[in-house]
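In case you want the letters, here they are:
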Amino acid sequence: MATKLQQQAGGDSPVENTAHEEGDDAPDSKSKRPAKHDSGAADLEKVTDYHEEAEITNIGDAMKVVSDNAAQEAMEKQQRERELSKVKIRKEDVDLIVREMEISNAKAERILREHKGDIVPALIELTN
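Let me begin by describing the structure that accompanies this report. (Residues numbered from 1 in each chain as written. Predicted model: local features only at pLDDT ≥ 70, side-chain atom pairs only at ≥ 80, totals over all residues. Heavy atoms only, no water.)

Our focus in this paragraph is the packing of helix 3 (residues 91–101) against helix 5 (residues 119–127). Between helix 3 and helix 5, whose axes approach to 11 Å, the crossing angle comes to 20°. Accordingly, the angle class assigned to the pair helix 3 and helix 5 is roughly parallel. The hand of the helix 3/helix 5 crossing is right-handed. From helix 3, D93, L96, I97 and M101 reach across to helix 5, where they touch I119, A122, L123, L126 and T127. When grouped by side-chain class, the residues that make up the contact of helix 3 with helix 5 number seven nonpolar, one polar and one charged. (Axes fitted to C-alpha atoms, helices over the stretch in contact; angles between N-to-C directions. Helix = DSSP H or I, 4+ residues; strand = E, 2+ residues; numbered from the N terminus. Parallel < 35°, antiparallel > 145°, perpendicular 65-115°, else oblique. Left-handed = near helix turned anticlockwise from the far one by under 90°. Contact = heavy atoms within 4.5 Å. Nonpolar A, V, L, I, M, F, W, Y, C, P; charged D, E, K, R; others polar.)

This part takes up the pattern of salt bridges. Considering all chains together, one arrives at seven salt bridges under this definition. Note that R90 and E92 form a salt bridge whose closest N and O atoms lie 3.3 Å from each other. The residue K91 makes a salt bridge to D95 at a minimum N-O spacing of 3.4 Å. A residue pair is termed a helical-turn pair when its members lie 3 or 4 positions apart in one helix, as K91 and D95 do in helix 3 at four residues. It is possible to trace a salt-bridge network through shared partners that takes in E81, R110 and E114. (Salt bridge = Lys/Arg side-chain N within 4 Å of Asp/Glu carboxyl O.)

What follows is the structure, encoded as structure tokens:
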């Protein structure tokens, strides 16, 4: 009875034999694959090296553009600050804005300077 169960369970079935055969073929096929890929690995490395060098050049150019843009923006900001500092504002207007809007003295001066000392548009901007 045990032999019938073993045969039904597949004790000596062809499935086991194929598993052994696959195990035997696996080391041979793995040893062949790296040899196949090694032949093109040097060419692939050259291509990727060239591409990486091109990216580095492009990144350097991009960084230069970004730094130039940052310098240009800083220069424009300084120019704007110089123009705003030339605007004459009244101390009474600054005090009124500070007292009524409850903001800092520096912010009140800035808003007044941006509106060329005119208190009405400055107050309108602060309320909106």
